[in-house]
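An overview of the molecular structure
So you can see what is in the structure, the chains are spelled out below.
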Amino acid sequence: MGELKLMKGNEALAEAAIRAGADGYFGYPITPQSEVIEYLMAEKPFDRTGMVVLQAESEVASINMLYGGGGSGKKVMTSSSSPGISLMQEGISYLAGGEVPCVIANVVRGGPGLGDIQPAQSDYFQSVKGGGHGDYRLPCLAPASVQEMSDFVPVAFDLAFKYRTPVLIIADGLIGQMMEKVELFDQMPRLTDQEVIEKYPWATTGKPKGKERRILTSLDLDPHKLEKHNQHLHAKYNEIKENEVRYELIDTDDADYLFVAYGSSARICQKSVKLAREKGIKVGLLRIISLWPFASDVIKEFTAKGIKGFLSVEMSMGQMVEDIQLAVQGKTKVDHFGRVGGVIHSPEEVVEALEQKIIGG
Amino acid sequence: MAELSVQDIIKPENLVYEKTKLMTDKTLSYCPGCGHGTAHRLTMEVIEELGKENDTIGIAPVGCSVLAYEFMNIDMQQAAHGRAPAHATAVKRLWPNKVVFTYQGDGDLAAIGTAETIHACNRGEQIVIIFINNGIYGMTGGQMAPTTLPEMKTSTSPFGRDVASMGYPLKITELISNLPGVQYVSRQAVHSPAAARKAKRAIKKAFQNQIDNKPGLSFIEIVSNCNSGWKMTPNDSNEWMEENMFPYYPLGDIKVDGKLIEK
Ligand SMILES: Cc1ncc(C[n+]2csc(CCOP(=O)(O)OP(=O)(O)O)c2C)c(N)n1
Ligand code: SF4
């Protein structure tokens, strides 16, 4: 059993970065996730593992620092919240185009604009439908507990390097701020410089003697070559879709209806499932863990098995619901419920919405 | 007497000067007469002479020199417009024993990337910045740059730069030279053999500082021409540069060993 601690989600994320053997963290403060960099600065990870931590001048700088670090084969990470992640979008697009691995955590707050500092899930579209320019996708993991804030960090790094892509961890202010018991995984070793050089021959670590130099770029002025590059990226995204769909099924065996939710909303829905079942409504929960790649096939299977309806529960005006509708293709009822702007739905409200919009609707 | 052919001349014993092997054989994409090519070459000669070809990571900008990585025969990353110092910061911090530099134009370094430039300087990142100041946006077709001179005509200041409404040419090099994080600042040119020799000495000193682990950033501005953007022949552009750019951007060392040079 690993070390047990009572921690905030943001602190667990930071501690997990150190333990996952990250080489660098670059970030800029923003509520509700400033504890990440505060924790890292206080922990002196350079003394613990040799990990570098730097407060950048902006999110624009931090995301481009990730390109420098990830591009030279190091495990690098940043975290921010919605407005900061918006600022990073050009950089994320470059990272995707240049196939540079890194991990970006978004502890989402209410928007649009400066919005507020309360939890929200309104950055779904930005996360899974592009955000930045060009044809690219971003693997995106959504923790629903402080435990997962820790556990998903090494998973995200593995995905980032396996597929040479930026990976997003998308939490919300609630997961970031709440304290829970967390079992920390043991310290993983950082790769030595020599290991990095051997493991990542594409990384710009200084041209190896007698070998080809390495160039990391997202530019190709020849349209035919750029088309090929896009097709190559697309093939990689298809492989990710094939292998990396993550979800959890809760009380779905006998379910007539399904809640579909992620992050904090999924936690709330677990309670809603209990409340509904006490009333005799057979409802289960499909908890989405990877927002992209999305569990479309699972939804298709449930649809084929005759589920009577899906209620997408999100702290947004309805974003993920569109992906559910795409999977369902009009074959059964799909609707959305969610409070927004930092207001969090109660489990009772969610049951009521199921009754009104799906069962009675 | 038998006629002398080119082949008779190209012999090892006749060799007086050769292209550094750290420049690729790719034809430069720069307009004939442009200073970028010389600046590339001097930088690469320095890396070769310092024996650092296997330990250097360069960061290319967005601008005419976006393709620097095609010509510089070393490991390189291509940064988003203005963000090269952010790349370099992370590479150097994570690979402190490597030599790291950025190569940037004036739009890249002194407009969209001003924040990255100033903060990399202010943190004293142990990198080299090579800054090509040609007073214009070459790549996008000759628009006004932060460094465009007063009254200078560009496609976005067609009646000349009106400083009252368009601001003054930004002497970013003087600005950053005042920061304690900066070790060495020199302004050079590459339009004549004499200027190029001086520029090379300055570039070498900048890289030597980094290799010697001297604290802080070394910054080389190269005042250069953009004959296409300025709509002049290469020769005219060099004369115009001497007459107009050098008085506003005087050449020479500005800061050495962390100390400003008294003028
Ligand atoms: C975010 C962004 N904005 C604008 C551009 C368009 N752009 C490309 S190069 C450039 C100016 C480059 O000028 P400079 O840095 O002076 O370099 P030069 O071409 O003169 O060498 C601009 C505005 C871009 N590529 N990216
Ligand atoms: S446009 Fe200007 S800066 Fe660009 S290559 Fe031509 S002369 Fe050089």
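A quick note: this is a predicted structure, and the numbers were derived from the prediction, not measured. (Residues numbered from 1 in each chain as written. Chains lettered and ligands numbered in written order. Predicted model: local features only at pLDDT ≥ 70, side-chain atom pairs only at ≥ 80, totals over all residues. Heavy atoms only, no water.)

1. Some remarks on helix H6 (residues 114–122) of chain B
Our working definition: Exposed residues in this analysis have more than 50% of their type's maximum accessible area, buried residues have under 20%, and partly exposed residues fall in between, with area computed by a 1.4 Å probe over protein chains only. Put simply, DSSP marks the helices as runs of H or I at least four residues long and the strands as runs of E at least two long, and each gets a number from the N terminus on. What the arc covers is the set of directions going from the helix axis to the C-beta atoms. A contact between two residues is defined here by any heavy atoms of the two lying within 4.5 Å.
What H6 of chain B keeps buried is the set Glu116, Thr117, Ala120 and Cys121 of chain B. Relative to the axis of H6 of chain B, the buried residues are bounded by an arc of 125 degrees and lie together on one face. Of the surrounding elements, those touching the buried residues of H6 of chain B are helix H4 (59–71) of chain A together with helix H4 (84–94), helix H5 (106–112), helix H8 (172–177), strand S7 (182–189) and strand S8 (217–223) of chain B. Gly124 of chain B sits one or two residues past H6 of chain B and shows a positive phi near 65 degrees.

2. Looking at the interface of chain A and chain B
Put simply, the test is: Defined here as a combined quantity, buried area equals the accessible surface (1.4 Å probe) lost by two parts on assembly, summed across both. For this analysis, a salt bridge means a side-chain nitrogen from Lys or Arg found within 4 Å of a carboxyl oxygen belonging to Asp or Glu. Polar contacts, as used here, are pairs of N or O atoms within 3.5 Å; protein pairs need one atom able to donate a hydrogen and one able to accept it. Residues neighboring in sequence count only if both atoms are side-chain atoms. Three residue categories are used. Nonpolar comprises Ala, Val, Leu, Ile, Met, Phe, Trp, Tyr, Cys and Pro, charged comprises Asp, Glu, Lys and Arg, and polar comprises the others, including Gly.
Contacts between the two partners involve 38 residues from chain A, matched on the other side by 37 residues from chain B. A per-residue breakdown of the area chain A buries against chain B is headed by Glu57, Lys207 and Arg213 of chain A, which together make up 23% of the total. Taken together, chain A and chain B are joined by 3 salt bridges. For the salt bridge of Glu57 of chain A with Arg123 of chain B, the shortest nitrogen-to-oxygen distance reads 2.8 Å. Put simply, chain A and chain B have 21 residue pairs in polar contact (both at pLDDT 80 or more) between them. Residue assignment for the side of chain A that touches chain B shows that the elements contributing at least two residues are strand S2 (24–27), strand S3 (52–55), H4, helix H6 (89–98), helix H10 (193–199) and strand S9 (215–216) of chain A. Per-element accounting of the side of chain A that touches chain B gives the leading share, 8 residues, to H4 of chain A. Within the side of chain A that touches chain B, the residues separate by chemical class into 17 nonpolar, 12 polar and 9 charged.

3. Digging into the site of ligand 1
Going by this rule: To be near a molecule or strand, a residue needs just one of its heavy atoms within 4 Å of it.
If you check the shell around ligand 1, you find 17 residues, and the closest are His36, Cys64, Asp106, Asp108 and Gly138 of chain B. With respect to ligand 1, its neighbouring residues span chains A and B. One of the side-chain N or O atoms of Asp106 of chain B is found 2.7 Å from an oxygen atom in ligand 1. At a separation of 2.9 Å, an oxygen atom of ligand 1 approaches a polar backbone atom of Gly107 of chain B. Residue contributions to the shell around ligand 1 peak at 4 residues, all from H5 of chain B.

4. A closer look at the packing of helix H1 (residues 9–19) of chain A against helix H2 (residues 35–43) of chain A
Residue and element names in this part refer to chain A. Put simply, the rule reads: Fitted lines through C-alpha atoms give the axes, limited to the stretch in contact for helices. The angle between two N-to-C directions lies from 0 to 180 degrees. Here roughly perpendicular refers to angles of 65 to 115 degrees, roughly parallel to angles under 35, roughly antiparallel to angles over 145, and oblique to all remaining angles. When the near helix sits turned anticlockwise from the far one by under a right angle, the crossing is termed left-handed; a clockwise turn instead gives a right-handed crossing.
The interhelical angle for the contact between H1 and H2, taken along N-to-C directions, is 50 degrees, at an axis separation of 8 Å. Considering their axes alone, H1 and H2 lie oblique with respect to each other. Of the two possible hands of crossing, H1 and H2 adopt the one that is right-handed. Counting all contacts with H1, which are made through Asn10, Glu11, Leu13, Ala14, Glu15 and Ile18, the residues of H2 involved are Glu35, Val36, Tyr39, Leu40 and Glu43. Class assignment of the residues belonging to the contact of H1 with H2 gives a composition of 6 nonpolar, 1 polar and 4 charged.

5. A few points about the pairing of strand S4 (residues 128–133) of chain B
Residues and elements named next belong to chain B. Basically, it comes down to this: Only strands that DSSP links by at least two bridges are regarded as paired with each other.
Within S4, 6 of the 6 residues are buried, which leaves the element mostly enclosed by the surrounding structure. Side chains Val128, Ile130 and Ile132 project from S4 onto one buried face, and the interleaved Ile129, Phe131 and Asn133 project onto a second face that is buried too. The sheet contact formed by strand S3 (residues 99–105) and S4 spans 5 bridges and is parallel. By the bridge assignment for S4, Gly105 is matched with Ile132.

6. Digging into the pattern of salt bridges
Residues and elements named next belong to chain A. Using the criterion set out here, one finds 36 salt bridges over all chains in the structure. Salt-bridge contacts for Asp297 lead to Lys300; the nearest nitrogen and oxygen are separated by 3.9 Å. Taken as a pair, Asp297 and Lys300 lie in helix H13 (residues 296–304) at a separation of 3 residues, close to a single helical turn. A relative accessible area of 52% places Asp297 in the exposed class. It is possible to trace a salt-bridge network through shared partners that takes in Glu3, Glu15, Arg19, Glu43 and Arg48.

7. A word on a negative patch on the surface
Residues and elements named next belong to chain B. To be explicit about the condition: Think of a patch as exposed residues, more than 30% relative accessible area, with no salt bridge, where like charges cluster within 9 Å and nonpolar side chains (Val, Leu, Ile, Met, Phe, Trp, Tyr) cluster within 5 Å. Shrake-Rupley sampling with a 1.4 Å probe provides the accessible areas, and residues are treated as covered by the protein chains on show and by no other component. We treat Lys and Arg as the positive residues and Asp and Glu as the negative residues; His and chain ends play no part in the count. Throughout, a charge is located at the NZ atom of Lys, the CZ atom of Arg, the CG atom of Asp or the CD atom of Glu.
Residues Asp236, Glu239, Glu242 and Glu243 make up a contiguous surface patch of negative charge. Its place among the elements puts Glu243 in helix H11 (residues 234–248). For Glu243, a relative accessible area of 58% gives the class exposed.

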